[in-house]
Amino acid sequence: KLSKRLQAVANLTHPWRRIADIGSDHAHLPIYLRSTEQIDFAVCGEVIEGPYEIARDHVQKSGFATDLQVRLADGLQAIQPEDRVECAVIAGMGGMLITEILERGVDQLRSLQALVLQPNQNVDVVRNWLAEHSWQINAEDLVYDEGHYYQLIAAVPVSQPLHYQPVELLMGPKMLGNVEAASDFEKYWQFQLQQKQLVLAHLQQATQPPAEKIEHVRAEIKLIKEGLD
Ligand code: SAM
């Protein structure tokens, strides 16, 4: 059984049958998707020897070694044209690292039909990268798992770069106004709002209040309030 976070990632891979899981670690996601017959094939990419060996071991034991190819490779380089991968998953890493992986994999990205991303932080940076590189966010989710909230993004290629509003970059174009996810969304952003307000209060009490930081936090508070409205 997958964690709630990985289950939410798995849900966003529908309807794709050939996926790449970049930074696969234990290969939990592809093994689950293959054993539940939700995919036919997966590349499990790992850049570090240790997790690569663990992934290979788990795949061997799962009995799906023909359909799940474990590869030691950096980012999207794990994907070969003959794999006919439709959707790449990059989950459980920081948004900066995910953006770097996408940036270094523009050649492989051209052959993909979907991306499923779960950045642990800097989700706005990832949304902005997608928009600038002509990927449209077509589904999002937000889940609470083991004391943390996680934001998830699915995107598809479009013919032109897009432009998201600052509130959409921060909170997610598909999360804003998503009635199904409304209660977690509200809880998460109310919590964020309180945190930012505390930070602001601390900054303002400093002997030399840092004007730029204060302005930045104020702007974030304004956006969150706008999104919660
Ligand atoms: N994707 C899994 C999940 O969501 O549970 C595992 C997340 S784990 C915290 C991140 C994994 O990404 C690590 O195993 C790490 O070695 C791998 N990783 C980091 N940078 C990578 C890169 N450039 N290419 C492939 N894998 C990478």
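Just so it is clear, the model here is predicted, and its values are computed rather than measured. (Residues numbered from 1 in each chain as written. Predicted model: local features only at pLDDT ≥ 70, side-chain atom pairs only at ≥ 80, totals over all residues. Heavy atoms only, no water.)

**A short note on the site of the ligand**
Inference 1: Around the ligand sit 17 residues, and of these Arg5, Gly23, Glu46, Asp74 and Gly75 come closest.
Inference 2: Measuring from a nitrogen atom of the ligand, one finds a backbone N or O atom of Val47 at 3.5 Å.
Inference 3: Here the ligand, which alone exposes 600 Å², has 81% of that area covered by the protein.
Inference 4: When contributions to the shell around the ligand are tallied by element, the ones reaching two or more residues are helix H1 (4–12), strand E4 (87–93) and helix H4 (95–103). (Near = heavy atom within 4 Å. Polar contact = N/O pair within 3.5 Å; in protein donor to acceptor, adjacent residues only side chain to side chain. Areas by Shrake-Rupley, 256 points an atom, 1.4 Å probe, with all protein chains shown as cover. Helix = DSSP H or I, 4+ residues; strand = E, 2+ residues; numbered from the N terminus.)

**Some thoughts on the environment of Lys4**
Inference 1: Along the chain, the position of Lys4 falls in helix H1.
Inference 2: Classification of Lys4 by relative accessible area gives partly exposed; the value is 47%.
Inference 3: Distance in space between the C-alpha atoms of Lys4 and Tyr144 is 7.7 Å, their sequence separation being 140 residues.
Inference 4: The contacts of Lys4, once residues within four sequence positions are left out, are Val143, Tyr144 and Asp145.
Inference 5: Within the structure, the side chain of Lys4 is placed 3.0 Å from the backbone oxygen of Tyr144, a separation counted as a polar contact. (Buried < 20%, exposed > 50% of the residue type's maximum accessible area, 1.4 Å probe, protein only. Contact = heavy atoms within 4.5 Å.)

**Observations regarding the side chain of Gln151**
Inference 1: Looking at the secondary structure, you find Gln151 in strand E7 (residues 148–157).
Inference 2: By relative accessible area, which is 6% here, Gln151 ends up buried.
Inference 3: Among the polar contacts listed, one links the side chain of Gln151 to the side chain of Arg127, at a separation of 2.8 Å.

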